[in-house]
Amino acid sequence: MEIKITKNPNPSPKTPADKLGFGKVFTDHMFIMEYDHDNGWHDARIVPFGNLSVHPASTVFHYGAEIFEGLKAYRTPSGAIQLFRPLENIRRMNNSAERMCLPQLDEEFALKALETLVSLEKDWVPSEPNTSLYLRPFMFGNDAFLGVHTVNNCTFLIIASPVGSYYKEGLNPVSIMIETEDVRAVRGGTGYAKCGGNYGASFRAGKKAEEKGYSQVLWLDGVERKYIEEVGAMNVMFKVGDEIVTPALTGSILPGITRKSCIELLRDRGYKVSERLFSVDELREACASGALKEAWGCGTAAVVSPIGHLVIGDEIFTINNNEIGAVTQELYDTLTGIQWGRLEDKYGWIYPVK
Ligand SMILES: *Cc1c(COP(=O)(O)O)cnc(C)c1O
């Protein structure tokens, strides 16, 4: 399938890197294509960035048929542009689509769409330290029909947003609230899918955490409310003694690409990494005995985020004296080094954009 390109006749001026923030500024173009059962995906095009016209009965507004992805284009010291494991995002989107009865993407074509858009917008990839072009592919059910039914019509887009440095004041540990009332996902639900509804349902706990001065929520499993699952938009890892522990992918946890990359890097460097259940009780014991050495979150936006405090009710667990630990720092330096092209990529994770 060809991608028809219509250039934006009124390109926007570029925002200075220190004013970018996250997800507020958008580039001049977007990728869009439509799907219906009879014709499959069709009308792939890149058009000037702008509002969509969507039928008020569209499935997405009423029944939440929506999935998304998030990845970044990075500018290397030599000025080249590269993506980090983009096929992983496309494959995960297909897994999310399967869960939501949305259509599959052709992997190669989706990669071509990403690459064509990034290549057209290459002047929008900022070059200041720790900045990038955030890419947001998303797909939604778009039938003009209020019946509760799987969708026949679907729309897929990719929009792009230059983003500033996540850590303006350096890599400082965050305080996180363990949520004991609301749950994010249950096994059999949509926790492993990157779908919009998972986020909509998480806002209430997020708001409560924010009001109490915490930066994020740590979710527990939805059945026993005992086992640690993940943080807002990040997976979570702990160093307990010499073991690195991260919650196993039981179906209610989003399989992060940063998580996967951390596990592969750590194992390659000889660390013992266990994907298993990890309860709040075990956390409490490890904290009391001094075995809990480090904790961090990992996801595309922050890469690696050290955790200094975990709070549940009146109980506060302080980790590594609220300082960034050696493994956390090593992971951050290695991953960001590979992503921004400062370190050699011996894993084949980098996808150069022509
Ligand atoms: C996207 C996401 C992550 C992190 O995934 P990455 O692929 O590493 O960016 C973790 N948890 C949730 C709930 C997410 O939506």
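This structure is a prediction, so every number in the text was calculated from the model and none was measured.

Asks: Explain the packing of helix 6 (residues 257-268) against helix 8 (residues 326-339) to me, please; I cannot follow it from the model alone.
Replies: For any two helices packed against each other, one specifies the crossing angle of their axes together with the interaxial distance. It is the contact of helix 6 with helix 8, at a shortest axis distance of 11 Å, that shows an interaxial angle of 110°. Classed by the angle they form, the pair helix 6 and helix 8 counts as roughly perpendicular. When helix 6 is examined against helix 8, the residues Thr258, Ser261, Cys262, Leu265 and Leu266 are found in contact with a partner set consisting of Val327, Leu331, Thr334 and Leu335. Among the residues forming the contact of helix 6 with helix 8, the class breakdown is six nonpolar, three polar and no charged.

Asks: Looking at this model, I keep getting lost on the nonpolar core. Mind explaining?
Replies: Proteins that are soluble and globular tend to have nonpolar side chains buried together. Core analysis: the largest hydrophobic core is formed by 46 residues, its most contacted members being Ile228, Phe238, Leu283, Trp296 and Leu310. Contact partners of Phe238, with chain neighbours within four places excluded, come to Ile228, Glu243, Ile244, Val245, Phe278, Leu283, Leu292, Glu294, Ala295 and Leu310. Within the second largest apolar cluster, 40 residues are counted, among which are Trp41, Leu111, Leu114 and Cys154.

Asks: How should I be thinking about the side chain of Glu179 in this particular structure?
Replies: Structurally, Glu179 is set in the loop between strand 9 (174-178) and helix 4 (196-200). Within the structure, Glu179 has its side chain in polar contact with the side chain of Lys208 (distance 3.2 Å).

Asks: Could you clarify how one ought to interpret the side chain of Glu229 in this entry?
Replies: Within the secondary structure layout, Glu229 lies in strand 11 (residues 228-231). No salt bridge is formed by the buried Glu229; its nearest oppositely charged neighbour, Arg187, is found at 5.1 Å. There is a polar contact of 2.9 Å between the side chain of Glu229 and the side chain of Ser252. Setting aside residues up to four positions removed in sequence, Glu229 forms contacts with Ala185, Trp219, Leu220, Asp221, Val236, Pro247, Thr250, Ser252 and Ile253.

Asks: Would you mind showing me how to read the site of the ligand here?
Replies: Every one of the 15 residues lining the ligand counts as a neighbour, but Lys194, Tyr199, Glu230, Thr258 and Thr300 are closest to it. At 2.8 Å, a side-chain N or O of Arg92 approaches an oxygen atom of the ligand. At 2.8 Å from an oxygen atom of the ligand is found a main-chain nitrogen or oxygen belonging to Ile257. Protein coverage of the free-state accessible area of the ligand, which is 380 Å², stands at 97%.

Asks: I would appreciate a short explanation of the packing of helix 2 (residues 86-99) against helix 3 (residues 107-120) in the present structure.
Replies: As a packed pair, helix 2 and helix 3 sit with axes 10 Å apart at the nearest point and diverge in direction by 125°. In terms of orientation, helix 2 lies oblique with respect to helix 3. Crossing hand, helix 2 versus helix 3: right-handed. Contact residues: Pro86, Leu87, Ile90, Arg91 and Asn94 in helix 2; Glu107, Ala110, Leu111 and Leu114 in helix 3. Partitioned by chemical class, the residues of the contact of helix 2 with helix 3 number six nonpolar, one polar and two charged.

Conventions we followed
Residues numbered from 1 in each chain as written. Predicted model: local features only at pLDDT ≥ 70, side-chain atom pairs only at ≥ 80, totals over all residues. Heavy atoms only, no water. Axes fitted to C-alpha atoms, helices over the stretch in contact; angles between N-to-C directions. Helix = DSSP H or I, 4+ residues; strand = E, 2+ residues; numbered from the N terminus. Parallel < 35°, antiparallel > 145°, perpendicular 65-115°, else oblique. Contact = heavy atoms within 4.5 Å. Nonpolar A, V, L, I, M, F, W, Y, C, P; charged D, E, K, R; others polar. Core = buried A, V, L, I, M, F, W, Y, C linked by side-chain atoms within 4.5 Å. Buried < 20%, exposed > 50% of the residue type's maximum accessible area, 1.4 Å probe, protein only. Polar contact = N/O pair within 3.5 Å; in protein donor to acceptor, adjacent residues only side chain to side chain. Lys, Arg positive; Asp, Glu negative; His and termini not counted. Salt bridge = Lys/Arg side-chain N within 4 Å of Asp/Glu carboxyl O. Near = heavy atom within 4 Å. Areas by Shrake-Rupley, 256 points an atom, 1.4 Å probe, with all protein chains shown as cover. Left-handed = near helix turned anticlockwise from the far one by under 90°.

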